[in-house]
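# Architecture at a glance
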Amino acid sequence: MKTNYQSNTTIDEIADKIYRISTPVPPEAIAGGFTFNQYLVVDAQPMVYHTGPRKMFPFTSEAISAIIPVNTLRYIGFSHYEADECGALNDFLEAAPGAEPLCSTIAKMVSIDDIAIRPARALADGEQLSLGEKVIQWIDTPHFPHGWECGHLFETTTKTLFCSDLFTQGGDKHEPLTESDILDSSEKMRGALDYYSHTRHAHELVDKLAMTSPRVLACMHGSAWQGDGALLLRKLADRLAV
Ligand SMILES: [Fe+2]
Ligand SMILES: [Fe+2]
């Protein structure tokens, strides 16, 4: 399924009932072009993961409404506190009266319960939460790739790892889901922008993520990826160690 919007926002199902909502930004606006991907998980308690920047809220919410009514969202989840991950949080909380922010315990303590119009539902490291048929699990990854409060979310039934800014690929034209290499192109971006923290714990944090044996990596920028996620994560760890 693919739908085009005025903003060129596209919707593609990348795993069972998990939709990648991608808004491309052309090179005239961001050097080299870029994409912002939000993920919608359709279940009894629907979740959107990343809100997208506040200024993209009209596009993101319009895209979601092609699948489910926005006011039925139950959770507004995100990896860390940054405009593209949660800039539109309050817009979503206003549009969906039954929704809660969903984030790490550090994010709740440090930022979200101050800036959000409703308190957050924090997930502890390793904690699972049922959305209905799907079960999500939070994995704390402080400072990886950046932000003290950073973590990543794993959907256990489809083995989808929502890996936020890991494997960020530049450019504004990407397949929704690819099996081709995304490591080299994302390493080009890391080389140019140095957006990873320099935590000494990257290797063990990668191990925590790889232990889930993901089959889909739901990247926030660029294509989502399908394959042996543990292997690709460990290749990333090797690059980070150089
Ligand atoms: Fe980020
Ligand atoms: Fe991001």
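Everything here concerns the structure above.
The following paragraphs examine the structure supplied in this document. The model shown is predicted, which means the values in this text are computed figures rather than measured ones.

### Quick word on the coordination of the iron ion (ligand 1)
The iron ion (ligand 1) binds to the protein through H80 (NE2), E82 (OE), H146 (NE2) and D165 (OD); the donor distances cover 1.8 to 2.2 Å. Around the iron ion (ligand 1), the four donor atoms sit at angles spanning 88 to 161°, and that spread fits a shape best called irregular. Mapped onto the polypeptide sequence, the residues donating to the iron ion (ligand 1) form the spacing pattern H-x1-E-x63-H-x18-D. Relative accessible area serves as the criterion here: at 15%, H146 is assigned to the buried category.

### Description of the pattern of salt bridges
Overall, the coordinates contain nine salt bridges when judged by the stated rule. K134 is the salt-bridge partner of D16, the closest N and O atoms lying 3.5 Å from each other. Of the two residues, D16 is situated in the loop between β1 (10-15) and β2 (18-25) and K134 in the loop between β8 (128-130) and β9 (135-140); the sequence distance between them amounts to 118 residues. Accessibility expressed as a relative area gives 4% for K134, which makes it buried. E100 is the partner of R74 in a salt bridge, and the nearest nitrogen-oxygen pair spans 2.9 Å. Taken together, the positions of R74 in the loop between α1 (57-65) and β5 (75-77) and E100 in strand β6 (residues 100-104) put the pair 26 residues apart, joining distant regions of the chain. R74 sits in the partly exposed class, given a relative accessible area of 24%.

### Focus on helix α5 (residues 183-193)
L183, S186, E187, M189 and R190 are the residues of α5 that are buried. Buried positions in α5, seen along its axis, are confined to an arc of 155° and lie on one side of it. Looking at α5, the residues exposed on the side facing more than 90 degrees away from the buried face are K188, G191 and A192. Here the buried face of α5 lies against β3 (34-41) and α7 (229-241). In the segment just after α5, D194 is the residue with positive phi, at about 50°.

### What to know about the sheet that holds β5
Strand pairs in the sheet, formed through backbone hydrogen bonds, run parallel or antiparallel to each other. Strand order in the open sheet made by the seven strands is β1-β2-β3-β4-β5-β6-β7, with mixed pairing throughout. Here the strands that pair on one side only, and so sit at the sheet edges, are β1 and β7 (121-123). Neighbour to neighbour, the strand axes of the sheet diverge by 25° on average, direction disregarded. Relative to β5, strand β4 (residues 47-49) runs parallel, the two sharing three bridges. If you follow V48 over to β5, its bridge partner there is I76. Here α1 sits on the sheet and contacts β1, β2, β3 and β4; the angle it forms with β2, its principal contact strand, is near 150°.

### So, unusual backbone geometry
Glycine aside, residues mostly have negative phi angles, and peptide bonds mostly take the trans form. The omega torsion of the bond from F144 to P145 falls at 5°, within 30 degrees of zero and hence cis. Among the secondary structure elements, P145 is positioned in the loop between β9 and β10 (151-155). Even without being a glycine, K17 presents a positive backbone phi close to 60°. By the element assignment, K17 lies in the loop between β1 and β2. Using a relative accessible area of 34% as the deciding quantity, one classes K17 as partly exposed.

Conventions and cut-offs
Residues numbered from 1 in each chain as written. Chains lettered and ligands numbered in written order. Predicted model: local features only at pLDDT ≥ 70, side-chain atom pairs only at ≥ 80, totals over all residues. Heavy atoms only, no water. Donors = N, O, S within 2.8 Å, 3.2 Å for Na, K, Ca; no water. Tetrahedral: all angles 85-135°; square planar, octahedral: opposite > 155°, others 65-115°. Buried < 20%, exposed > 50% of the residue type's maximum accessible area, 1.4 Å probe, protein only. Salt bridge = Lys/Arg side-chain N within 4 Å of Asp/Glu carboxyl O. Helix = DSSP H or I, 4+ residues; strand = E, 2+ residues; numbered from the N terminus. Arc of directions from axis to C-beta. Contact = heavy atoms within 4.5 Å. Pairing = 2+ DSSP bridges. Axes fitted to C-alpha atoms, helices over the stretch in contact; angles between N-to-C directions.

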